[in-house]
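Report on the structure
Take a look at the letters that make up each chain.
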Amino acid sequence: MTGNRPPDRPASPSGEVEGQRRLEGQRRLESQRDGKGPVESAVLLDQPFDRDSLYALRATLEAHASQAGLPEGRTSDMVLIGHELASNVILHGSGNGWVRLEVADGMLRCEVVDSGAAHPEQGTPGWPYQFGHGLWMARFLSDFHTVSHGPGGTVVTVGFALPSPLRPAFKLTRQAQNGRTTLSLVGDLDQRTAPDVIATVEDLISTTKPLRLVLDLSGMTFWDSTGITALVTSQEHVAAAPGATMALAGLSTEHQGRLDSLGFVSFTYDDTSH
């Protein structure tokens, strides 16, 4: 494989040295999870990729993300984004690049570098910001993302917050008051809990007429793409029921912006109870 290492990176260490560094990173992560001490930064992966190694890259990203403590649904999101960004390097960039994965400041950060695009002013095509494609996914699904161009090439960094292992268990509670029903969610909204949310909303649609639903997400610890899909599905089902309405409460401006960026579904927000 002939990945182009960015100019500001040192030469690739030997396999033995690189293996020792990854092992040390894993030990530091285990120490953090065991409560033996804080970890400021731990490099988990630092390697080149090309067209022939995309499949292996997905498996490697998945293994490291899971080991770092990223939940299953968010691991799937991160692997999808990493694969799409690497595909951008291959399809829209130089054809090979570099990926770096590390834990820093309570987040899992994935950096994808196309060092062959070091001179965008010379006509190197930019990566597309298109619905459903790499950069759009990075902006929509990750907790933060940056894109930069410079002497080192095009660099895209995405970050995923690592949730506390002590976060509350998932719970849905209903409360009817003043002609509206509040469905409060506590815990994770992810691929495990999303079916419960959809089923509960469908039950309310069939038993409460007209349904004026407020879905309170102020107790949500994090979401993944499946959880977002559950919100979209619930909104579509409510919109199809005569006289029914649904509003989301307790979401930050950032989370509201992510939902609004979908474009194909319209959400209403109601934070009057907070």
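Residues numbered from 1 in each chain as written. Predicted model: local features only at pLDDT ≥ 70, side-chain atom pairs only at ≥ 80, totals over all residues. Heavy atoms only, no water.

On to the overall build of the chain. What the chain contains, in helices and strands, is seven helices and nine strands. Burial statistics for the chain: of 274 residues in total, 46% are counted as buried. Considering only residue pairs separated by 6 or more positions, the chain has 67% of its internal contacts joining residues 24 or more positions apart. Total accessible area computed for the chain in this model is approximately 13,300 Å², and 51% of it derives from carbon and sulfur atoms. (Helix = DSSP H or I, 4+ residues; strand = E, 2+ residues; numbered from the N terminus. Buried < 20%, exposed > 50% of the residue type's maximum accessible area, 1.4 Å probe, protein only. Contact = heavy atoms within 4.5 Å. Areas by Shrake-Rupley, 256 points an atom, 1.4 Å probe, with all protein chains shown as cover.)

Right, let's talk about the sheet that holds strand S9 (residues 245-249) for a bit. The strand order across the open sheet formed by four strands is S6-S7-S8-S9, and the pairing between neighbours is mixed. If you trace the sheet from one side to the other, it starts and ends with strand S6 (171-177) and S9, each paired once. Ignoring which end each strand starts from, the neighbouring axes of this sheet average 20 degrees apart. Examined bridge by bridge, S6 and strand S7 (residues 180-189) share seven bridges and lie antiparallel to one another. The residue bridging glutamine 175 from the neighbouring strand is threonine 182, located in S7. (Pairing = 2+ DSSP bridges. Axes fitted to C-alpha atoms, helices over the stretch in contact; angles between N-to-C directions.)

Time to look at the packing of aromatic side chains. Applying the stated criterion across every chain yields a total of one aromatic pair. A ring pair is formed by tryptophan 136 and phenylalanine 140, whose centres lie 4.9 Å apart and whose planes are at 20 degrees; its orientation type is stacked. With a gap of four residues between them, tryptophan 136 and phenylalanine 140 both fall in helix H4 (residues 134-141), about one helical turn apart. For the pair tryptophan 136 and phenylalanine 140, a shared accessibility class is recorded, and that class is buried. (Phe/Tyr/Trp six-rings, centres within 6.5 Å; stacked < 30°, edge-to-face > 60°.)

Before going further, it helps to examine the pattern of salt bridges. Under the definition given, this model contains twelve salt bridges. Between arginine 74 and aspartate 143 there is a salt bridge, and its shortest N-O distance comes to 3.4 Å. Here aspartate 143 lies in the loop between H4 and strand S4 (144-150) and arginine 74 lies in helix H3 (residues 72-92), a separation of 69 residues in the sequence. Overall, the relative accessible area of 25% leaves aspartate 143 in the partly exposed class. Each of Arg74, Asp77, Asp143, Glu254 and Arg258 takes part in one network of salt bridges that share partners. (Salt bridge = Lys/Arg side-chain N within 4 Å of Asp/Glu carboxyl O.)

This brings us to H3. The end-to-end C-alpha distance of H3, which contains 21 residues, comes to 30 Å, matching closely the 30 Å that a straight helix rising 1.5 Å per residue would cover. Of all 21 residues making up H3, 15 are buried, and the element is well covered by its neighbours. (Expected span 1.5 Å × (residues − 1).)

As a further point, take the packing of helix H2 (residues 54-68) against H3. It is the contact of H2 with H3, at a shortest axis distance of 9 Å, that shows an interaxial angle of 145 degrees. Where H2 crosses over H3, the handedness of that crossing is right-handed. Seen from H2, the contacting residues are Leu54, Leu57, Arg58, Leu61, Glu62, Ala65 and Ser66; seen from H3, they are Thr75, Met78, Val79, Gly82, His83, Ala86, Ser87 and Ile90. The residue inventory of the contact of H2 with H3, partitioned by class, reads eight nonpolar, five polar and two charged. (Left-handed = near helix turned anticlockwise from the far one by under 90°. Nonpolar A, V, L, I, M, F, W, Y, C, P; charged D, E, K, R; others polar.)

The omega angle of the peptide bond from lysine 209 to proline 210 is -10 degrees, so this bond is cis rather than trans. Unlike most non-glycine residues, aspartate 105 shows phi in positive territory, near 55 degrees. Tracing the backbone through its elements, the reader meets aspartate 105 in the loop between strand S2 (96-104) and strand S3 (107-114). At asparagine 178, a residue that is not glycine, the phi angle is positive and equals roughly 55 degrees. Mapped onto the elements of the fold, asparagine 178 is located in the loop between S6 and S7.

Helices that pack against each other are described as a pair by the angle of their axes relative to one another and the distance between those axes. As a packed pair, helix H5 (residues 194-207) and helix H6 (residues 225-240) sit with axes 9 Å apart at the nearest point and diverge in direction by 10 degrees. Between H5 and H6, the angle falls in the class roughly parallel. Across from Ala194, Val197, Ile198, Val201, Glu202 and Ile205 in H5, the residues of H6 making contact are Thr226, Gly227, Ala230, Thr233, Ser234, His237 and Val238. Here the contact of H5 with H6 is composed, by residue class, of seven nonpolar, five polar and one charged. (Parallel < 35°, antiparallel > 145°, perpendicular 65-115°, else oblique.)

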